[in-house]
Amino acid sequence: MELRKVVYVHSTDLLQQSESNPRINNRSSIVFSLIQAYGLLEHVQVVPPLVKTSEKELTSFHSVDYIHYIQSLEYNEDEEQEEYGIGYECPKFTGLYSYICSIAGASLAGAKTLVTGEADIAVNWYGGWHHGSKDS
């Protein structure tokens, strides 16, 4: 049986950035500590995330209105917007847009390894903490 090539998208900066989400306090650090403790890093190739995702890349998946709304959260104190998935479970916080760009960049780095054949499986444990989905 041939072993599958697995990449794990990780960097210290990405770990620190992911800790800025108030709903997942320390979860990223705990997950990374468990990965280290179980020796899983010996079985994967660690790849760095891409530079933060651009607005253009984000709007290939999400609507321009949604991205502009997320960007506007840095500058206003609007009520929570369930229409855009911003609420209790997915709160707005200082640096949210930068956070999203970093996490999306990490996911794109993993996707790139799949497309190029560098990996059969790509893991970005820093992503998936929100309810974002492709706009229809």
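Residues numbered from 1 in each chain as written. Predicted model: local features only at pLDDT ≥ 70, side-chain atom pairs only at ≥ 80, totals over all residues. Heavy atoms only, no water.

1. Thoughts on the sheet that holds strand 1 (residues 6-9)
Stage number 1. Pairing within the open sheet is parallel, and its 3 strands lie in the order 2-1-3. Of all strands in the sheet, those bounded by a partner on one side alone are strand 2 (45-47) and strand 3 (121-123). Taking the axes of each pair of neighbouring strands and ignoring which way they run, one obtains an average angle of 25 degrees across the sheet.
Stage number 2. As paired elements, strand 1 and strand 2 share 3 bridges and run parallel to each other. (Pairing = 2+ DSSP bridges. Helix = DSSP H or I, 4+ residues; strand = E, 2+ residues; numbered from the N terminus. Axes fitted to C-alpha atoms, helices over the stretch in contact; angles between N-to-C directions.)

2. Things to note about helix 5 (residues 96-115)
Note on helix geometry: an α-helix contains 3.6 residues per turn, so any two residues three or four positions apart are oriented the same way.
Stage number 1. With 20 residues, helix 5 should reach 28 Å at 1.5 Å per residue; the first-to-last C-alpha distance of 28 Å fits that figure.
Stage number 2. For helix 5, the full list of buried residues reads Leu96, Tyr97, Tyr99, Cys101, Ser102, Ile103, Ala104, Gly105, Ala106, Ala109, Gly110 and Thr113.
Stage number 3. Lining the buried residues of helix 5 we find strand 1, helix 1 (12-18), strand 2, helix 3 (55-58), helix 4 (64-72) and strand 3.
Stage number 4. At the exit of helix 5 stands glycine 117, carrying a positive phi of roughly 85 degrees. (Expected span 1.5 Å × (residues − 1). Buried < 20%, exposed > 50% of the residue type's maximum accessible area, 1.4 Å probe, protein only. Contact = heavy atoms within 4.5 Å.)

3. Considering the packing of aromatic side chains
Stage number 1. If you walk through the whole model with that rule in mind, you get 3 aromatic pairs.
Stage number 2. Geometrically, the ring pair formed by tyrosine 8 and tyrosine 126 is stacked, given 6.5 Å between the ring centres and 25 degrees between the ring planes. Of this pair, tyrosine 8 sits in strand 1 while tyrosine 126 sits in the segment after strand 3; the two residues are 118 residues apart in sequence, bridging distant segments of the chain. Comparing tyrosine 8 with tyrosine 126 shows no difference in burial state: the two are buried.
Stage number 3. Counting every residue linked through ring pairs, the aromatic cluster contains Tyr8, Phe32 and Tyr126. (Phe/Tyr/Trp six-rings, centres within 6.5 Å; stacked < 30°, edge-to-face > 60°.)

4. Quick word on the nonpolar core
Within soluble globular proteins, side chains that are nonpolar tend to cluster in buried spots.
Stage number 1. Among the nonpolar cores identified, the biggest contains 27 residues, and Ile70, Leu96 and Tyr126 are the most heavily contacted of them.
Stage number 2. Contributing elements (two or more residues each) for this core: strand 1, helix 1, helix 2 (27-37), helix 4 and helix 5.
Stage number 3. Of all the elements, helix 5 adds the most residues to this core, at 8 residues. (Core = buried A, V, L, I, M, F, W, Y, C linked by side-chain atoms within 4.5 Å.)

5. Concerning a nonpolar patch on the surface
Stage number 1. Residues Ile30, Leu34, Tyr38 and Leu40 make up a contiguous nonpolar surface patch of roughly 440 Å² in combined accessible area.
Stage number 2. Note on placement: leucine 40 falls in the loop between helix 2 and strand 2.
Stage number 3. For leucine 40, a relative accessible area of 42% gives the class partly exposed. (Patch = residues over 30% accessible without salt bridge, like charges linked within 9 Å, V, L, I, M, F, W, Y side chains within 5 Å. Areas by Shrake-Rupley, 256 points an atom, 1.4 Å probe, with all protein chains shown as cover. Salt bridge = Lys/Arg side-chain N within 4 Å of Asp/Glu carboxyl O.)

6. Considering helix 2
Stage number 1. All of the buried residues along helix 2 are Ser28, Phe32 and Ile35. On an axial view of helix 2, the arc spanned by its buried residues comes to 55 degrees, and they lie on one face.
Stage number 2. Looking one or two residues past helix 2, glycine 39 carries a phi angle of roughly 70 degrees, positive in sign. (Arc of directions from axis to C-beta.)

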